[in-house]
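Here are the chains, one letter per residue:
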Amino acid sequence: MPTLKIHHIGYLVKKIEKAKKTFEALGYSVEQDTVRDDIRKVDICFLKKDGYRVELVSPFSEESVVSGLIRKYKNAPYHICYEADDPKAAYGELTASGFAAIDTPTPAPALCGRSVVFLTSPVIGMIELIC
Ligand code: NI
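Source: prediction; values computed, not measured. Every chain is numbered independently, its residues counted from 1 as its sequence is written. Given that the model is predicted, a residue must reach a pLDDT of at least 70 before its local features are reported, and side-chain atom pairs must reach 80 or more before they are shown or counted; all residues, however, enter totals for whole chains, interfaces and linings. Remark: hydrogens and water are excluded; side-chain values derive from all non-hydrogen atoms of the structure.

Re the packing of aromatic side chains
Stage number 1. To pair, rings of Phe, Tyr and Trp, with the six-membered ring standing in for Trp, must have centres within 6.5 Å; the planes then decide the type, stacked if under 30 degrees apart, edge-to-face if over 60, and tilted in the middle. The tally for this structure, following the rule as stated, stands at 2 aromatic pairs.
Stage number 2. For the ring pair tyrosine 11 and phenylalanine 23, a centre distance of 5.2 Å and an interplane angle of 85° mean the geometry is edge-to-face. In this pair, tyrosine 11 is assigned in strand 1 (residues 4–12) and phenylalanine 23 in helix 1 (residues 16–25), connecting sequence segments 12 residues apart.
Stage number 3. Think of it in three bands: with a 1.4 Å probe and only protein chains considered, a residue is buried below 20% of the maximum accessible area for its type, exposed above 50%, and partly exposed in between. By relative accessible area, tyrosine 11 is classed as partly exposed at 24%.
Stage number 4. For the pair phenylalanine 23 and tyrosine 28, a centre-to-centre distance of 4.9 Å together with 80° between the ring planes defines the contact as edge-to-face. Of the two residues, phenylalanine 23 and tyrosine 28, both sit in the buried class.
Stage number 5. One aromatic cluster is present, formed by Tyr11, Phe23 and Tyr28 through successive ring pairs.
Stage number 6. Each ring is checked for a lysine NZ or an arginine CZ that lies within 6 Å of its centre and within 35 degrees of its normal; such an atom marks a charge sitting over the ring. Note that arginine 36 overlies the ring of phenylalanine 60, its terminal NZ or CZ placed 3.7 Å from the centroid. Counting from the N terminus, the helices are the DSSP runs of H or I reaching at least four residues and the strands are the DSSP runs of E reaching at least two.

With respect to the coordination of the nickel ion
Stage number 1. Only His8 (NE2), Glu55 (OE), His79 (NE2) and Glu128 (OE) from the protein reach the nickel ion as donors, at distances of 2.0 to 2.1 Å.
Stage number 2. Around the nickel ion, the 4 donor atoms sit at angles spanning 85 to 179°, and that spread fits a shape best called irregular.
Stage number 3. In primary-sequence terms, the residues that donate to the nickel ion follow H-x46-E-x23-H-x48-E. One end of the pair, histidine 8, is in strand 1; the other, glutamate 128, is in strand 9 (residues 125–130), with 120 residues separating them in the sequence. As far as the burial class goes, histidine 8 and glutamate 128 line up, both buried. Metal donors: N, O and S atoms at distances within 2.8 Å, or within 3.2 Å for Na, K and Ca, with water omitted from the atom set so that some sites may seem incomplete. Labels for metal geometry use angle windows, namely 85 to 135 degrees for all angles of a four-donor tetrahedral site, and for square planar (four donors) or octahedral (six donors) sites opposite donors over 155 degrees apart plus all others within 65 to 115; sites meeting none of these are irregular.

So this is what it looks like as structure tokens:
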């Protein structure tokens, strides 16, 4: 199995500016200020604390890929994103071990255009893989 490292924890929020201030009050610092992702119709901001990175994800349109999720989960963490030393091999191993891709690798403007893919497991739910 290729080595997977945690890149960030994705956190759904309805109000990104207020969420940012609230995480700052907890001691997080903004690593990358809000970037608009027109593909997924979300605003994204990265914060860091103690070596952990949190990604705030906030839909700006009803057509956002997370509009349904935010209705269900409200403000909540909803995925862990991994990066692999060998993304193609990692993708193959993950799909062989029960993960199913729920989209295709798509560029992520908030990650300098690196592509990401979301996969879901019937046992642990959704993860994201940088590929
Ligand atoms: Ni993410």
